[in-house]
Amino acid sequence: MKIEPSGVVMIGRCNIRTEACTAKNVGPVTAIWSGNNQIDVCRECLDEKIRLDEWQIEGAKILPGKINVEIVTEKDVNAGIILKAVAKNDKNDILMIETLEIPYSGRKKFGDEFLKKDLEISIKTYAQKYLTTAD
Ligand SMILES: [Zn+2]
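Residues numbered from 1 in each chain as written. Predicted model: local features only at pLDDT ≥ 70, side-chain atom pairs only at ≥ 80, totals over all residues.

Chemist: Can you walk me through the sheet that holds strand β1 (residues 2–12) in this structure?
Modeler: Pairing within the open sheet is mixed, and its four strands lie in the order β3-β2-β1-β4. At either margin of the open sheet sits one strand with a lone partner, and together these are β3 (37–41) and β4 (56–57). When β1 meets strand β2 (residues 27–34), the two strands line up antiparallel, connected through six bridges. Following the sheet pairing, P5 is matched in β2 by I32. (Pairing = 2+ DSSP bridges. Helix = DSSP H or I, 4+ residues; strand = E, 2+ residues; numbered from the N terminus.)

So, in structure tokens, the structure goes:
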């Protein structure tokens, strides 16, 4: 099945729920599109579907070293956290900026390291797709 990641990360419930699912009840999920259908999926389930080759990211190529992602701000808000990440190419141009706002409950459950990693992976995936489309 061909899928198209939206690049949007939010807190929700994963629609796939494999063994390794991190959002069986609630957690960070990313919206992907398959035709006109939206599927909310956590990072673990997305990786699993791609690994099993059940899903293919439309137009995606692996572009190692072309995209650098860094978390540029971490801001505490009402005990929750707002993370902002940028993806840059090898010429240091900013390709994409993404902000993830996690309320206290999500932050407490998943921890900052997990949330940061998830945001980095998601923005990298989206930036790769964006680059391959833009080229
Ligand atoms: Zn899942």
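Moving on, there is more to tell.
Chemist: Help me out: how do you make sense of the confidence of the model for the protein chain in this one?
Modeler: Detailed reading of the predicted coordinates is not advisable wherever pLDDT is low. Across the protein chain, pLDDT averages 87, with 90% of residues at or above 70. Taken element by element, the predicted model of the protein chain shows its lowest mean pLDDT in helix α3 (residues 112–134) (81) and its highest in β3 (94). (pLDDT = per-residue confidence, 0-100.)

Chemist: Where do I start with the nonpolar core in this structure?
Modeler: For soluble globular proteins, the rule of thumb is that nonpolar side chains tend to be buried together. One finds L83, L100, L115, L119 and I123 to be the most contacted residues of the largest nonpolar core, which totals 15 residues. Looking at this core, the elements that each hand over two or more residues are β6 (80–88), β7 (94–102) and α3. Looking at which element gives the most residues to this core, the answer is α3, with five residues. Those residues within four positions of L100 in sequence are excluded, and the remaining contacts are V9, L83, L115 and L119. The next biggest cluster of nonpolar side chains, apart from the first, holds 13 residues, and it includes I16, V29, I39 and L46. (Core = buried A, V, L, I, M, F, W, Y, C linked by C-beta atoms within 7 Å. Buried ≥ 20, exposed ≤ 12 C-beta atoms within 10 Å, placed from the backbone. Contact = placed C-beta atoms within 7 Å.)

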